[in-house]
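Below, each chain spelled out in residue letters.
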Amino acid sequence: MYEQLGKMQLIRTHAIFDFMHRRIVNAGNACLEANVTQERKAFKYALFSQNTDIFLKLFLFIIGGVSLIKREISVGEFTVLYTYFGILSDDFSYFVNVSQEAYQYKAFMNRLKEIDALEEEGCGEKKLDAIDSIEVEGLDFGYTHEDKLYRDYNKIFKKGKLYCLKGDNGAGKSTLVKNILGLFVDVTGRCISYDGNKLCSINIYDARERLVGVCEQEQDMLDDTLRNNLLYCENEFIDMEKFRGICESLSLFQNVNSKIAFEDAMNRNALELSGGQKQKFAIARAIYKEPSVLILDEPSASLDKSSVEQLKTLLQKLKNDKIVIMITHDPKLIEIADEVINIA
């Protein structure tokens, strides 16, 4: 649950709802099984401990009663009764605590069901085979009514071109990209179209999953293997030779010269990568999908000079059959753009 809540942007951008749902279900089942096992052990221990305590106190009660009859003690009756009722009180408290825990667990499960039943963002039904153009028509958007980032904004992005978005921090570059991705489809779904189809009519989850590749500025990796971070799946087939070729073009891994070595590298935990490696992996992951639209947000931020040159070469090859939209302030990348769009 913590992973899901902390990675909502990642989940929506890459449309990995099913994958993350399986992760939380599997984690929930494992947690439930572990808790049930622990509670059973705790109950058995508590039962043994309490029964032992009862027998010991009962034995003392009998001895104290005999002593009282023989007038060998004076205030024993009071002491024994006090102890006896103390036992009953302890037992009662235990079962009250168990009931409280059961009530809390029930409330927690009900809350999970409420979260699962939340209404999804707007999503149409039409599935596209490809995206050759993106049309932004009369975009009017801001995070508040008073402070609009875009007013009647119009732009067309076409296949075969590399577009560079540049502007000051906070100007709205990432906001434009989020609108293009349909992350605000309920608000601006009628202002943006893919090949003439309004976003509100398109199955935007399917489009993000198959037709759009995204490399975020800050790479948000799952605490899992690189393999599972590639396609966000455990069992789906991955063409390792294809991905290896992309990684080699970006010099992602050093001293990985064989298929076996590459597969070993892909079984590493993604969180072990350096900042530059994470950036290269995110770029390679976006390219591996062979998307119609490739979106890169500050892709050279953590790259050295030689890696930037490799990225330039790769993008120039890729742009012929894609719409490439890049947010960058890097002059080396700006110089290969077909069109520079200044966002003021």
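Residues numbered from 1 in each chain as written. Predicted model: local features only at pLDDT ≥ 70, side-chain atom pairs only at ≥ 80, totals over all residues. Heavy atoms only, no water.

(A) Quick look at the pairing of strand β1 (residues 133-141). Summarising the sheet, β1 and strand β2 (residues 150-158) pair through 6 bridges and their orientation is antiparallel. Paired with L139 across the strands is Y153, a residue of β2. Examined bridge by bridge, β1 and strand β4 (residues 192-194) share 3 bridges and lie antiparallel to one another. Counterpart to E135 in the pairing with β4 is S193. (Pairing = 2+ DSSP bridges. Helix = DSSP H or I, 4+ residues; strand = E, 2+ residues; numbered from the N terminus.)

(B) Helix α9 (residues 240-249), seen in detail. All of the buried residues in α9 are M240, F243, R244, I246 and C247. On an axial view of α9, the arc spanned by its buried residues comes to 160°, and they lie on one face. Tucked into the core, α9 has its buried residues touching α8 (226-231), α10 (259-266) and α11 (275-288). Within two residues after α9, S251 carries a phi angle of roughly 55°, on the positive side. (Buried < 20%, exposed > 50% of the residue type's maximum accessible area, 1.4 Å probe, protein only. Arc of directions from axis to C-beta. Contact = heavy atoms within 4.5 Å.)

(C) Up close: the sheet that holds strand β5 (residues 197-198). In space, the 4 strands of this open sheet follow the order β2-β1-β4-β5, with antiparallel pairing throughout. The sheet terminates laterally at β2 and β5, the two strands that pair on one side only.

(D) Highlighting unusual backbone geometry. Here the phi dihedral of D152 falls at roughly 50°; this positive angle occurs in a residue that is not glycine. Residue position: D152 is located in strand β2.

(E) Quick peek at the pairing of strand β8 (residues 323-327). With respect to burial, β8 is a largely interior element, 5 of its 5 residues being buried. Judged by which residues are buried, β8 turns out to be covered on both faces: I323, I325 and I327 on one side and V324 and M326 on the other are all buried. With 5 bridges connecting them, strand β3 (residues 161-166) and β8 associate as parallel partners. Across the sheet, residue L162 finds its bridge partner in β8, namely V324.

(F) Region of the structure containing the sheet that holds β3. One open sheet accounts for 5 strands, arranged β6-β7-β8-β3-β9; its pairing is parallel. The sheet is open, and its two borders are formed by β6 (212-215) and β9 (339-342), each paired with just one other strand. Adjacent strand axes in the sheet meet at a mean angle of 15°, parallel and antiparallel pairs treated alike. (Axes fitted to C-alpha atoms, helices over the stretch in contact; angles between N-to-C directions.)

(G) The environment of G245, seen in detail. Position of G245 among the secondary structure elements: in helix α9. Looking at G245, the relative accessible area reads 36%, which means it is partly exposed. C-alpha separation for the pair G245 and A284, spaced 39 residues apart in sequence, amounts to 9.5 Å.

(H) Structural detail: the packing of aromatic side chains. Taken as a whole and assessed by the stated rule, the structure comprises 9 aromatic pairs. Where F141 meets Y143, the ring centres are 5.3 Å apart and the plane angle is 80°; that geometry is what we call edge-to-face. Relative accessible area serves as the criterion here: at 49%, Y143 is assigned to the partly exposed category. Seen in terms of ring centroids, F157 and Y163 are 5.0 Å apart; in terms of plane orientation they differ by 75°. Their pairing is edge-to-face. Each member of the pair, F157 as well as Y163, is classed as buried. (Phe/Tyr/Trp six-rings, centres within 6.5 Å; stacked < 30°, edge-to-face > 60°.)

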